[in-house]
Amino acid sequence: MKKRIIQISVVFLGLFALVFYVFKKEGVRQLWNQLASVDYTYVAIALMCMMLSLVADGACIQIVRLKFQPQARLLSSVRCGFISTMFGFITPFQSGYIAGAITYLSSNQGMKPSEASVVTLVKLIYYTIAAIVTHILLIIFNASKFEMQPLLWVFTAVGIGFSVIYMVFLMVVSKFEKPIASIACYFIRLGARLHIIKHQDKASWKAKVEIHKLKYKLSRIHLGWKSSVLLMICCIISFMAVYFVSWFIYLSFHPSPTLGLGYVLTGNAICQIFQQISPIPGGIGIVDTAFTQIMSGIYGDNLNAAMLLWRLASLYSVILVGFVMLTFTKRHQLRKSV
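Please read these numbers as outputs of a predicted model, since none were measured by experiment. Position numbers for residues count from 1 along each chain, tracking the sequence in the order it is written. Local features in this predicted model are restricted to residues whose pLDDT is 70 or higher, and side-chain atom pairs enter the listing and the counts only when it is 80 or higher, whereas totals over whole chains, interfaces and linings include all residues. Excluding hydrogens and water, the side-chain values take into account all heavy atoms of the structure.

## What to know about the overall build of the protein chain
Helix and strand definitions here come from DSSP, where helices need a minimum of 4 consecutive H or I residues and strands a minimum of 2 consecutive E residues; each element is numbered from the N-terminal end. Scanning the protein chain from N- to C-terminus turns up 15 helices and 0 strands. Summarising the internal contacts of the protein chain: among those between residues at least 6 apart in sequence, 75% fall at separations of at least 24. Here the accessible surface of atoms and residues is derived via Shrake-Rupley with a 1.4 Å probe, and residues count as covered only by protein chains that are part of the display. Here the protein chain has roughly 16100 Å² of accessible surface; of this, 68% comes from carbon and sulfur atoms. Every residue pair with non-hydrogen atoms within 4.5 Å of one another is taken to be in contact.

As structure tokens, this is what we get:
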């Protein structure tokens, strides 16, 4: 638990640094005037878009999960989406998402580790395919509108390439049984420290057995075309809702005339690519710097205030809600064990 608190503290230290930077850059009076002129109805809609993204993420998990647990509740899958995304945001390269989802489903929802792994991997494969196609299309149609430094375009291309490699890895992950077993045992130990998992040794042994079955279950799962289409739609809703966060924050500054929707969404998509490939949890510093370079033509003089609102809505609110859900889940497990 202490380790997670430290990780979350590091992320929120980034928030304080961001606030300090914005105040220093704009000045207290100037920033206050900018924030006072904001239409917070649009900011609230931006927050709802981010929550919608996580609900859609939970729906993706639910669609695949029903193949193993027909009686699974959507609410528990949504909770899994919130908690695993929170773990992703506080770990390098968002690597904690997979481990967080597998740990939650196998320890809290009674799934076998191999089944939880299949659910998470299949969901991520669909999500990654949809994201890669969307990113490429957005950039193709809107790249000419951005005056970015060549290095930023290089990083964008690297990010998309990283996503392709990640997708291929997910497709062949069942062939790497031993490394995956080691990672699973690490997070089981973490779950034991969080008092979510009991009997650590037994759970680790069981995980190794289940991971051995992973390849077989991955080859046997068939979603069917209806489930596949629904899963793809939910994946698209999940990441597009994130991109709409910047659009509604943009509208909150009363722009006149209004820029094109695709232009604003593409800028947010590029920032999101940077966040996914950042070795720093939450992309602190890296994404903020990219935002000032990419979105300057969109927000103009309101750039720094917009960056603050964007990070609050798209990063820190998710970490806060996910941590609260994790805390309640832990307490619920403790009450059940008494």
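## Description of a nonpolar patch on the surface
A grouping of Ile129, Val133, Ile136, Leu137, Ile140, Phe141 and Met171 is seen on the molecular surface, where their side chains present a nonpolar patch of about 660 Å² in accessible area. Among the elements that take part in the nonpolar patch, helix H6 (residues 113-142) stands out by supplying 6 residues, more than any other. Within the secondary structure, Met171 sits in helix H7 (residues 150-172). Each patch groups residues whose relative accessible area exceeds 30% and which form no salt bridge, using 9 Å between like charges and 5 Å between nonpolar side chains of Val, Leu, Ile, Met, Phe, Trp and Tyr. Salt-bridge detection follows one rule: a side-chain nitrogen of Lys or Arg within 4 Å of a carboxyl oxygen of Asp or Glu.

## With respect to the pattern of salt bridges
According to the stated counting rule, one finds 2 salt bridges in the structure shown. Note that Lys123 and Asp57 form a salt bridge whose closest N and O atoms lie 2.5 Å from each other. Of the two residues, Lys123 sits in helix H6 while Asp57 sits in helix H3 (residues 40-65), which places them 66 residues apart along the sequence. By relative accessible area, Asp57 is classed as buried at 4%. Exposure categories follow from relative accessible area, calculated using a 1.4 Å probe and restricted to protein chains: below 20% of the type maximum is buried, above 50% is exposed, and the middle band is partly exposed.

## Some remarks on the packing of H6 against helix H12 (residues 261-276)
Comment: axis = line fitted to C-alpha atoms, over the contacting stretch for helices; angle = value between 0 and 180 degrees taken between N-to-C directions. Packing of H6 against H12 leaves a shortest axis separation of 9 Å and a crossing angle of 130°. When the interaxial angle is binned, H6 and H12 end up oblique. Crossing of H6 over H12 shows left-handed handedness. Counting all contacts with H6, which are made through His135, Leu138, Ile139 and Asn142, the residues of H12 involved are Gly262, Tyr263, Thr266, Ala269 and Ile273. The residue classification treats Ala, Val, Leu, Ile, Met, Phe, Trp, Tyr, Cys and Pro as nonpolar and Asp, Glu, Lys and Arg as charged. All others, Gly included, are polar. For the contact of H6 with H12, the per-class residue count stands at 5 nonpolar, 4 polar and no charged. Any angle that falls under 35 degrees is termed roughly parallel, while one over 145 is termed roughly antiparallel, one within 65 to 115 roughly perpendicular, and all others oblique. Handedness of each helix crossing follows the sense of rotation of the near helix against the far helix: counterclockwise by less than a right angle gives left-handed, clockwise gives right-handed.

## Considerations on the packing of aromatic side chains
Each aromatic ring pair is specified by the distance between its two centres and by the angle formed by the two planes. Each Phe, Tyr or Trp ring (for Trp, its six-membered ring) is paired with any other whose centre lies within 6.5 Å, and the angle between the two planes then decides the class: stacked below 30 degrees, edge-to-face above 60, tilted in between. Under the counting rule described, the total for this entry stands at 11 aromatic pairs. Taking 6.0 Å as the distance between ring centres and 50° as the angle between the ring planes, the aromatic pair formed by Phe239 and Tyr243 counts as tilted. With Phe239 and Tyr243 both in helix H11 (residues 224-251) and 4 residues apart, the pair spans about one turn of that helix. Where Tyr250 meets Tyr299, the ring centres are 6.2 Å apart and the plane angle is 70°; that geometry is what we call edge-to-face. A residue pair is termed long-range when its members are at least 10 positions apart, and Tyr250 in helix H11 and Tyr299 in helix H14 (residues 296-299) qualify at 49 residues. Just as Tyr250 is buried, Tyr299 falls in that class too. Ring-pair connections join several aromatic residues into one group, and the members of that group are Trp247, Tyr250, Phe253, Phe291, Tyr299 and Trp310. Two thresholds decide whether a charge sits over a ring: the Lys NZ or Arg CZ must be within 6 Å of the ring centre and within 35 degrees of the ring normal. The residue whose ring lies beneath Lys123 is Tyr127, and the NZ or CZ to ring-centre distance is 4.7 Å.

## A look at the nonpolar core
Buried residues of nine kinds, namely Ala, Val, Leu, Ile, Met, Phe, Trp, Tyr and Cys, make up a nonpolar core once their side-chain atoms join them within 4.5 Å. Leu231, Ile249, Ile294 and Tyr299 are the most contacted members of the largest nonpolar core, which has 92 residues in total. If we skip the residues at most four places from it in the chain, Ile294 touches Phe146, Met148, Leu152, Gly267, Ile270 and Cys271.

## Focus on the environment of Asn268
Looking at the secondary structure, you find Asn268 in helix H12. Taking the C-alpha atoms as reference points, Asn268 and Phe244, 24 residues apart in sequence, are found 8.2 Å from one another. Setting aside chain neighbours within four positions, we find Asn268 in contact with Val242, Tyr243, Val245, Ser246, Met295 and Trp310. By the criterion applied in these results, polar contacts are pairs of N or O atoms within 3.5 Å in which, for protein atoms, one can donate a hydrogen and the other can accept it, and in which residues neighboring in sequence qualify only through two side-chain atoms. For Asn268, the side chain forms a polar contact with the side chain of Ser246, separated by 2.9 Å.

## Some words on helix H5 (residues 96-107)
In an α-helix there are 3.6 residues to a turn, and that puts residues three or four apart on one side. For H5, spanning 12 residues, the distance from its first C-alpha to its last is 16 Å, which sits close to the expected 16 Å at 1.5 Å a residue. The element H5 is largely enclosed, with a buried count of 10 among its 12 residues. The span one expects for a helix is its residue count, reduced by one, times 1.5 Å.

## Comments concerning unusual backbone geometry
With omega at -5°, the peptide bond leading from Ser256 into Pro257 counts as cis. Tracing the chain through its elements places Pro257 in the loop between H11 and H12. Its identity is not glycine, yet His254 carries a phi of approximately 55°, on the positive side. On the secondary structure map, His254 appears in the loop between H11 and H12.

## Digging into the packing of H6 against H11
Two numbers describe how H6 lies on H11: the axes approach to 9 Å, and their chain directions differ by 60°. One way to sum up the angle between H6 and H11 is to call them oblique. Seen along the crossing, H6 lies across H11 with a hand that is right-handed. Contact residues: Val122, Lys123, Tyr126, Tyr127, Ala130, Ala131, Thr134 and His135 in H6; Ser228, Leu231, Met232, Cys235, Ile236, Ser238, Phe239, Met240 and Tyr243 in H11. When its residues are assigned to classes, the contact of H6 with H11 shows 12 nonpolar, 4 polar and 1 charged.

## Brief notes about the environment of Thr329
Inspection of the secondary structure puts Thr329 in helix H15 (residues 303-337). Classification of Thr329 as buried rests on a relative accessible area of 7%. Residues Thr329 and Asn108, 221 residues apart in the sequence, show an inter-C-alpha distance of 8.3 Å. When neighbours within four sequence positions are excluded, Thr329 is seen to be in contact with Arg79, Ile83, Tyr104 and Asn108. At 2.8 Å, the side chain of Thr329 and the backbone oxygen of Met325 are in polar contact.

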